[in-house]
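# Observations on the three-dimensional arrangement
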Amino acid sequence: MEKLLEVKDLQVSFQTYGGEVQAVRGVSFHLNKGETLAIVGESGSGKSVTSQTIMRLIPTPPGKIKSGQIIFNGEDLAKKTDKEMEAIRGKDIGMIFQDPMTSLNPTMKVGHQIMEVLIKHLKMDKAAAKERAIELLRLVGIPMPEKRVNQYPHEFSGGMRQRAMIAVALASNPKLLIADEPTTALDVTIQAQILELMKDLQKKMGTSIIFITHDLGVVANVADRVAVMYAGKIVEMGTVDEIFYDPRHPYTWGLLASMPSLDSDDKAELAAIPGTPPDLTNPPKGDAFAPRNPYAMKIDFELEPPMFKISDTHYAATWLLHPDAPKVEPPEAVKKRLRQLSSNYPQPVIVKESE
Amino acid sequence: MLRYISRRLLSILLSLFLIITATFFLMRAAPGGPFSGEKKLPPEIEKNLNEYYGLDRPWYNQYFDYLVSIAKWDFGPSFKYKGQTVNDLINDGFPVSFFLGMESLLLAVSLGILLGVIAALNHNKWQDYGAMIFAVLGISVPSFIMASLLQYVLAIKLGLFPVARWESLQHTVLPALALAATPMAFIARLTRSSMLEVLSNDYIRTAKAKGLSKGQITVKHAIRNALLPVVTYLGPLSAAVLTGSFVIEKIFGIPGLGSQFVLSISNRDYTTIMGVTVFYSILLLFSVLLVDIAYGLIDPRIKLAGGKKGE
């Protein structure tokens with residue numbers, strides 16, 4: 001598999017009046033060509049900051065890339081100037097945002113907003129760009145694109161606006177599409193349609209996708225691999241099967257246990273993860289999840305857990321995987337899912353973070 | 001659209017009627033009259049004058065006659081300037097005030113928006129502080145001080161422009177600058193705050209994610225959305241500026257409409273007060289109408305609804 005994107009030890013922080021907020025604290029992952037990576041986590045876990053840093057959309061100041069590399073297509077995006085990024089944004093990397101109601105310019109025709117990308121990056125003239133914009137609108141499933149191309153965003157419904165946003169993001173056939181909670185603001189039936197559309201377009205265009213979400217149902221639907229983020233770090237990463245059927249990190253257990261499933265008894269209460277995420281101006285010593293973790297051990301409050309490798313593709317950062325750790329049982333809801341995966345190593349292996 | 005405009009025209013007529021009525025009676029309620037001066041006029045002469053101008057007749061006759069003549073665009077003779085009608089005064093003064101007003105409007109709008117945009121794009125940097133200090137000065141320095149300063153520095157010390165009078169284009173520069181200072185500063189502040197708000201919008205991030213440059217984002221996405229508050233302010237502003245400023249016209253010796261407006265009141269020149277007020281109201285009401293139409297052109301979400309809803 002060829003790597004399209006590799007993020008190495010990325011650290012991003014924001015300078016605020018209250019001090020320096022360390023939003024992303026050493027994130028490393030990679031993305032293969034044509035693959036979909038889902039980044040999940042609750043609000044404030046750093047997933048959006050990570051994705052916007054890849055696009056270099058973080059306003060600087062107050063934001064700052066403190067260290068790390070973002071290797072895209074063999075080039076380090078972290079070192080690019082704003083001017084150089086303009087040639088990459090919208091051309092090689094497209095982006096879809098959460099709220100389609102506010103992400104389109106209300107005073108500009110939808111067609112024109114698509115044409116902008118075509119004129120800027122593909123050097124099309126106006127007539128050709130308009131024709132292509134109509135094709136793109138048709139491609140994303142908007143009926144009567146010839147008429148719609150001349151309409152304003154307020155004449156579109158929420159789902160249609162998100163379709164138009166997808167058309168904008170895919171206009172110049174980017175290698176990477178970053179979708180930052182693209183379905184969160186939509187109702188469930190429209191969500192399913194948008195996800196289907198994205199999968200369909202990915203098949204047609206061979207785009208790699210980074211899919212940011214906090215909805216595990218969506219993850220199961222679209223992703224090849226999953227990275228679970230907590231307090232600015234990736235705590236577990238693996239293929240969809242590994243995360244859903246063989247999760248190892250207590251935080252992932254908590255997320256899975258809090259998700260309703262079809263076969264779950266509707267009398268049983270959904271589990272919630274107690275507490276709130278830590279304040280990242282002052283990240284706690286040891287494992288940031290420890291105060292909310294029912295499985296926390298003494299060492300979790302003292303020393304940050306290293307990454308353990310469970311299989312070639314499955315990583316988790318928890319002391320529970322250490323050979324000296326006591327054997328613990330995951331929560332009931334998670335235990336029901338567990339399957340024996342043949343790719344696992346006989347024993348988790350400690351890896352150095354910046355391998 | 002047509003329906004909307006005709007409805008608005010009707011409401012303009014109604015407003016005008018109310019304005020005329022209110023002014024008519026307020027004016028009569030004020031003590032003194034057009035012929036009361038330092039020197040008491042002999043009663044016979046005053047009686048003759050009142051008879052000549054119809055002031056001896058009952059108020060309702062005067063009121064209805066006045067309504068009829070205004071409908072014919074006849075504001076009647078001036079009480080103070082013998083042999084001149086109020087129409088003459090307006091016809092003489094308005095073109096001058098209009099020219100001066102247009103010049104300063106253009107200055108105020110273009111410089112104000114430019115300053116505001118520069119300030120917003122460089123939020124909390126020296127350009128921002130510089131533009132806003134400039135704007136605060138422009139708002140807080142009264143126009144008569146601004147005018148004298150400009151006269152002193154640009155005309156007397158540097159000799160770039162004539163000090164006063166109304167003769168050539170050169171003569172218009174200083175009064176236009178003095179008149180433009182305050183609205184320009186106001187527009188700069190309005191533009192800045194509304195640009196800042198627009199720049200924090202999601203669609204600006206989308207535009208950035210498309211790879212557009214800062215300039216393209218500002219021109220194509222931000223300014224148009226930031227302009228609505230400025231356009232709102234432009235309606236009353238243009239009516240006020242176009243009918244002239246008493247202070248500026250006095251300082252620069254300009255034969256405009258603004259001085260007529262103020263002088264007519266201290267003179268109790270009833271017909272001139274009425275005429276100038278009506279004229280000013282018409283300008284104001286129409287510029288507000290224009291602003292509302294401009295809204296619809298700038299922001300497609302604003303529909304100029306006709307009679308029915310959802311049209």
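You'll find the structure just up there.
Overview of the structure. (Residues numbered from 1 in each chain as written. Chains lettered and ligands numbered in written order. Predicted model: local features only at pLDDT ≥ 70, side-chain atom pairs only at ≥ 80, totals over all residues. Heavy atoms only, no water.)

### Considerations on the overall build of chain A
Secondary structure summary: chain A contains twelve helices and 13 strands in total. A compact globule built from 355 residues should have a C-alpha radius of gyration of about 20 Å, and chain A, at 21 Å, falls within 12% of that. For chain A, the spread of C-alpha atoms along the principal axes amounts to about 70 × 50 × 40 Å. The buried share among the 355 residues of chain A stands at 54%. Nonlocal contacts in chain A, meaning residues at least 24 apart in sequence, comprise 66% of its contacts between residues at least 6 apart. Within the structure as shown, chain A displays about 16000 Å² of accessible surface, and the carbon and sulfur contribution to it stands at 53%. Between the mean site of the 42 positive side-chain charges and the mean site of the 45 negative ones, chain A shows a separation of 5 Å. (Helix = DSSP H or I, 4+ residues; strand = E, 2+ residues; numbered from the N terminus. Rg over C-alpha atoms; globule rule 2.2 N^0.38 Å. Buried < 20%, exposed > 50% of the residue type's maximum accessible area, 1.4 Å probe, protein only. Contact = heavy atoms within 4.5 Å. Areas by Shrake-Rupley, 256 points an atom, 1.4 Å probe, with all protein chains shown as cover. Lys, Arg positive; Asp, Glu negative; His and termini not counted. Charge placed at Lys NZ, Arg CZ, Asp CG, Glu CD.)

### Quick notes on the sheet that holds strand 5 (residues 75–76) of chain A
Residues and elements named next belong to chain A. The antiparallel open sheet is built from four strands, whose spatial order is 2-1-4-5. The open sheet is flanked by strand 2 (19–32) and strand 5, the only strands paired with a single partner. Bridge count between strand 1 (residues 3–16) and strand 2: ten bridges; the pairing is antiparallel. Each residue of the ladder has a partner; that of Glu6, found in strand 2, is His30. Running over the sheet, helix 1 (residues 47–54) touches strand 1, strand 2 and strand 4 (63–72) and is turned about 115° from strand 1. (Pairing = 2+ DSSP bridges. Axes fitted to C-alpha atoms, helices over the stretch in contact; angles between N-to-C directions.)

### Focus: the pattern of salt bridges
Residue and element names in this part refer to chain A. On inspection of all chains with the given rule, the structure shows 27 salt bridges over all chains. Residue Lys33 pairs with Glu2 through a salt bridge whose shortest N-O separation is 3.1 Å. Here Glu2 lies in the segment before strand 1 and Lys33 lies in the loop between strand 2 and strand 3 (36–40), a separation of 31 residues in the sequence. On the basis of relative accessible area, Lys33 is assigned to the partly exposed category, the value being 39%. (Salt bridge = Lys/Arg side-chain N within 4 Å of Asp/Glu carboxyl O.)

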